[in-house]
Amino acid sequence: MATKVLIIAYSWSGTTAKLATALQRVTGGDRVDLTVAAGTFPNDMYATSDVANQQLATHQLPALTNAVPDVSAYDVLLVGGPVWSAKVSTPVRSFLQSLSNFSGIVAPFYTDAGTPGGYENDFASLVTSATVASGIGLTSSELQGANQQLASWWQRLTTK
Ligand SMILES: Cc1cc2nc3c(=O)[nH]c(=O)nc-3n(C[C@H](O)[C@H](O)[C@H](O)COP(=O)(O)O)c2cc1C
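Criteria and thresholds
- Residues numbered from 1 in each chain as written.
- Predicted model: local features only at pLDDT ≥ 70, side-chain atom pairs only at ≥ 80, totals over all residues.
- Heavy atoms only, no water.
- Axes fitted to C-alpha atoms, helices over the stretch in contact; angles between N-to-C directions.
- Helix = DSSP H or I, 4+ residues; strand = E, 2+ residues; numbered from the N terminus.
- Parallel < 35°, antiparallel > 145°, perpendicular 65-115°, else oblique.
- Left-handed = near helix turned anticlockwise from the far one by under 90°.
- Contact = heavy atoms within 4.5 Å.
- Near = heavy atom within 4 Å.
- Polar contact = N/O pair within 3.5 Å; in protein donor to acceptor, adjacent residues only side chain to side chain.
- Areas by Shrake-Rupley, 256 points an atom, 1.4 Å probe, with all protein chains shown as cover.
- Nonpolar A, V, L, I, M, F, W, Y, C, P; charged D, E, K, R; others polar.
- Salt bridge = Lys/Arg side-chain N within 4 Å of Asp/Glu carboxyl O.
- Buried < 20%, exposed > 50% of the residue type's maximum accessible area, 1.4 Å probe, protein only.

Chemist: Which parts of the structure should I look at to understand the packing of helix α1 (residues 15–27) against helix α6 (residues 147–159)?
Modeler: A pair of packed helices can be characterised by two numbers: the angle between their axes and the separation between those axes. Running from N to C, α1 and α6 cross one another at 60°; their axes reach a closest spacing of 10 Å. By the angle between their axes, α1 is oblique relative to α6. In this structure, α1 meets α6 at a crossing whose hand is right-handed. Contact residues: α1 offers L19, A22, L23, R25, V26 and T27, while α6 offers N147, L150, A151, W153 and W154.

Chemist: Whenever I open this one, the site of the ligand confuses me. Can you help?
Modeler: If you check the shell around the ligand, you find 18 residues, and the closest are S11, S13, T15, T16 and T111. One nitrogen or oxygen atom from the main chain of G114 is found 3.2 Å from an oxygen atom belonging to the ligand. Protein chains shield 88% of the accessible area of the ligand, which is 650 Å² for the free molecule. Those elements giving two or more residues to the shell around the ligand turn out to be α1, α2 (45–57), β3 (76–84) and β5 (105–112). Its residues assigned to classes, the shell around the ligand shows seven nonpolar, ten polar and one charged.

Chemist: What is the right way to look at the pattern of salt bridges in this model?
Modeler: A side chain with one charge can pair with a side chain of the opposite charge if their charged atoms come near. Taken as a whole and judged by the stated rule, the model has two salt bridges. Residue R31 pairs with D33 through a salt bridge whose shortest N-O separation is 2.8 Å. When the shortest N-O distance is used, the salt bridge between D122 and R93 registers 2.8 Å. Here D122, found in helix α4 (residues 119–125), pairs with R93, found in helix α3 (residues 90–97); they are 29 residues apart in sequence, far enough to count as distant. For the residue pair D122 and R93, the accessibility class agrees, reading buried in each case.

Rendered as structure tokens:
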């Protein structure tokens, strides 16, 4: 039976959205974009970092304004977002909190400026019930021409 895959992505400035689109082509999966209320984050990167750090410090993750899908119909969830301070961005953290009953496979995809740090470890620590597979991270310049790399990653993920 074909693997049912759902691609879920948050993108603050559009780069992870491009990776999500490439992964849609490679996997044939469904897609949901995570959104937060307008004005949640400023337009400036450093100011956004301050807001996100405050959200983490106060345990007040931003509410998602998209409809959160029923993930139980899927075998694999590919959950994407930008690397923020070597960690999972706060909107993606909000989504992962809603996953407490999912028992399939979850794999992270992410974009960064070259220093993802412990992103995948942080991601894994936020997933409680599902199996976390090895993820894929790219910079925006690596996105161009990454289709073969994405296809190999997807193949490894689904043949394990
Ligand atoms: C608040 C904030 C924190 C960031 N922290 C990091 C970081 O720790 N390491 C890194 O390589 N890039 C960092 N970046 C850069 C983004 O991860 C990178 O530009 C990413 O591709 C943006 O994806 P998006 O367009 O989907 O939001 C940060 C960007 C923002 C806005």
